[in-house]
Amino acid sequence: MKKARAHFPKIKAIAYEGPKSTNPLAFHHYNPDEVIDGKTQSAHLRFSIAYWHSFRGVGSDPFGPGTIVRPWEKGTDAISIAKTRLDAAFEFFQKIRAPFYCFHDRDIAPEGKSLAESNRNLDRVVAHAKDLQKATGVKLLWGTANLFSNPRYMCGASTNPDAHVFAYAAAQVKKALDVTKALGGENYVFWGGREGYETLLNTNLKREQDHLATFLHLAVDYAKSIGFKGQFLIEPKPKEPTKHQYDFDVASGIAFLRTHGLEKHFKFNIETNHATLAGHTFQHEIEVAAAQGLLGSIDANAGDELLGWDTDQFNTNVKELTLAMVSILRAGGLGQGGFNFDAKLRRPSIDPEDLVHAHIGGMDAYALAFKLARRILAEGKFTKFLQDRYASYDAGFGRDIEKRRVGFRDLNKLVLGKLGEPKPRSGKQEYLENLLNSYLHG
Ligand code: XUL
Ligand code: CO
């Protein structure tokens, strides 16, 4: 393959220079090649770049059009523009030292006038993506289909009241799965898009939820038939664009998967700002998924504390990320998942260099959180505190309760007899908050 010209000519591959460096175009915590427990940091963290934000985002918001004009967006032929954009993206992936990327079908190739034309467009661009993956070693963390932008999906895709739209969405996902498999995608994501409702006046909730479950079963069946080995992921979000999204949060997602016999085939892709919109912390969503062995991957971003919408910002909150990392590491990590920067530049951040600063910030914050969480777990103070707090269930009647070996009559007899009144014990929240701060600022 011929050497592509530089689209980020002023940016060199970002190097790790350590916490004391004052170079804003260097990593201060993310050291991709450092080996920890036999694996590089890069292999532990599995960072991924979100194509839709970083290479299709133009800074538009509900109040105004885009502000960002990239120098590589030139020409009139949509396919050659798409290929050049992909060149720019792969140059960026390498310079920012990200081992993975993620896309929606319509991010990488233009939608045609018919599904057949869209599929042909996709094939041409995917062939180029395959070459670039081979040349750079950058891999596909996950693929997905955009089932929410085109007006045909205004009332949902698989939950659309019109079976014709369900069929179209099925055909689109069939192709997205083919393409994800062809590019060696390690996961495939279903984010609900417009799978929800605006008003119950026009919605048969039960039929729509059943149709969503049928769609997911059909996707599982098709993936099996083509030998796609990637992990299927559900990405919960409570609202936006619809007033109510069916995959509201991890807990309702688990209930949905179990109700419809899908729990063996799916895990969760947890997004930080979706957790916030659902009224949860990021760590809460991770814990709920991990408790059921369903933690799959992370969409790494943040919301704004003062805005009630999905602002998709880069997350530099080390405290929030350290708590999240403790829960992720305690659960055994993300396996074939990763940390995908589903985050976008602010509207006035119009320079290509802003993309570099944004990702350096996100990667450094996650890498620092990773190291702090490892220290917290290695020292074991929180683990010991938790063990002690629940120790009454480790033996005697507490053990019998956990093993379901006692009933109300037995417990009634115990309390009326030798147990009597329980002795209250402090929850020690303030002590624990100080302990956490001692790691963050120590
Ligand atoms: C939307 C969102 C999506 C998914 C992929 O809020 O997070 O970009 O991650 O469809
Ligand atoms: Co997302």
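Residues numbered from 1 in each chain as written. Chains lettered and ligands numbered in written order. Predicted model: local features only at pLDDT ≥ 70, side-chain atom pairs only at ≥ 80, totals over all residues. Heavy atoms only, no water.

1. What about the environment of Gln292?
Move 1: As for its position among the elements, Gln292 is in the loop between α10 (282-291) and β13 (295-299).
Move 2: On a C-alpha basis, the gap between Gln292 and Ile254 in space is 8.5 Å, while along the polypeptide they are 38 residues apart.
Move 3: Residues within four places of Gln292 in sequence aside, it is in contact with Ile254 and Arg258. (Helix = DSSP H or I, 4+ residues; strand = E, 2+ residues; numbered from the N terminus. Contact = heavy atoms within 4.5 Å.)

2. Thoughts on helix α3 (residues 78-95)
Because each turn of an α-helix spans 3.6 residues, side chains separated by three or four positions in sequence point in the same direction.
Move 1: For α3, spanning 18 residues, the distance from its first C-alpha to its last is 26 Å, which sits close to the expected 26 Å at 1.5 Å a residue.
Move 2: Counting buried positions along α3 gives 13 out of 18 residues, so the element sits mostly inside the fold.
Move 3: Arg97 sits one or two residues past α3 and shows a positive phi near 65 degrees. (Expected span 1.5 Å × (residues − 1). Buried < 20%, exposed > 50% of the residue type's maximum accessible area, 1.4 Å probe, protein only.)

3. Examining the pattern of salt bridges
Move 1: The tally for this structure, following the rule as stated, stands at 20 salt bridges.
Move 2: Between Arg330 and Glu287 there is a salt bridge, with its nearest N and O atoms 3.3 Å apart. Residue Arg330 is found in helix α11 (residues 318-330), and its partner Glu287 is found in helix α10; the two are separated by 43 residues along the sequence.
Move 3: Three or more residues joined by partner-sharing salt bridges are found here, namely Asp105, Arg106, Glu111 and Arg152. (Salt bridge = Lys/Arg side-chain N within 4 Å of Asp/Glu carboxyl O.)

4. Here's the deal with the nonpolar core
Move 1: Ranked by size, the top nonpolar core spans 105 residues in total, and within it Phe55, Phe93, Ile96, Tyr101, Ile298 and Tyr366 carry the most contacts.
Move 2: By residue number, the principal contributor to this core is helix α12 (residues 352-379), which donates 13 residues.
Move 3: Filtering out sequence-adjacent residues up to four positions away, Phe93 remains in contact with Ile49, Tyr51, Phe55, Ala98, Tyr101 and Val138.
Move 4: By size, the runner-up hydrophobic cluster in this structure holds 8 residues, among which are Ala50, Phe100, Cys102 and Val189. (Core = buried A, V, L, I, M, F, W, Y, C linked by side-chain atoms within 4.5 Å.)

5. Thoughts on the packing of helix α13 (residues 381-389) against helix α16 (residues 429-440)
Move 1: As a packed pair, α13 and α16 sit with axes 11 Å apart at the nearest point and diverge in direction by 160 degrees. Classified by the angle their axes make, α13 and α16 are roughly antiparallel. Crossing of α13 over α16 shows left-handed handedness. Listed contacts from α16 to Lys381, Phe382 and Phe385 of α13 are Tyr431, Leu432, Leu435, Leu436 and Tyr439. (Axes fitted to C-alpha atoms, helices over the stretch in contact; angles between N-to-C directions. Parallel < 35°, antiparallel > 145°, perpendicular 65-115°, else oblique. Left-handed = near helix turned anticlockwise from the far one by under 90°.)

6. A look at the site of ligand 1
Move 1: Around ligand 1, the structure places Trp52, His104, Trp142, Trp191, Glu235, Lys237, Glu271, His274, Asp299, Asp310 and Asp342.
Move 2: Contacts to ligand 1 include Glu235, whose side-chain N or O atom sits 2.7 Å from an oxygen atom.
Move 3: Asp299 is positioned such that a nitrogen or oxygen atom in its side chain is 2.9 Å from an oxygen atom of ligand 1.
Move 4: Across the complex, the protein chains shield 94% of the 290 Å² of accessible surface that ligand 1 would expose by itself.
Move 5: When the residues that make up the shell around ligand 1 are grouped by side-chain class, the tally is 3 nonpolar, 2 polar and 6 charged. (Near = heavy atom within 4 Å. Polar contact = N/O pair within 3.5 Å; in protein donor to acceptor, adjacent residues only side chain to side chain. Areas by Shrake-Rupley, 256 points an atom, 1.4 Å probe, with all protein chains shown as cover. Nonpolar A, V, L, I, M, F, W, Y, C, P; charged D, E, K, R; others polar.)

7. A short note on the pairing of strand β7 (residues 139-144)
Walk down a regular strand and you will see the side chains alternate between the two sheet faces.
Move 1: Within β7, 5 of the 6 residues are buried, which leaves the element mostly enclosed by the surrounding structure.
Move 2: In the sheet, strand β6 (residues 100-104) pairs with β7 via 5 bridges, with the strands oriented parallel. From the neighbouring strand, Tyr101 faces β7, where its bridge partner is Leu140.
Move 3: Two elements, β7 and strand β8 (residues 187-191), share 2 bridges in a ladder whose sense is parallel. Paired with Trp142 across the bridge in β8 is Asn187. (Pairing = 2+ DSSP bridges.)

8. Regarding a nonpolar patch on the surface
Move 1: On the surface, Leu386, Tyr390, Tyr393, Phe397, Ile401, Val415 and Leu419 cluster together to form a nonpolar patch covering roughly 580 Å² of accessible area.
Move 2: Listing elements by their share of the nonpolar patch, those giving two or more residues are α14 (396-402) and α15 (408-419).
Move 3: Following the sequence through the fold, Val415 ends up in helix α15. (Patch = residues over 30% accessible without salt bridge, like charges linked within 9 Å, V, L, I, M, F, W, Y side chains within 5 Å.)

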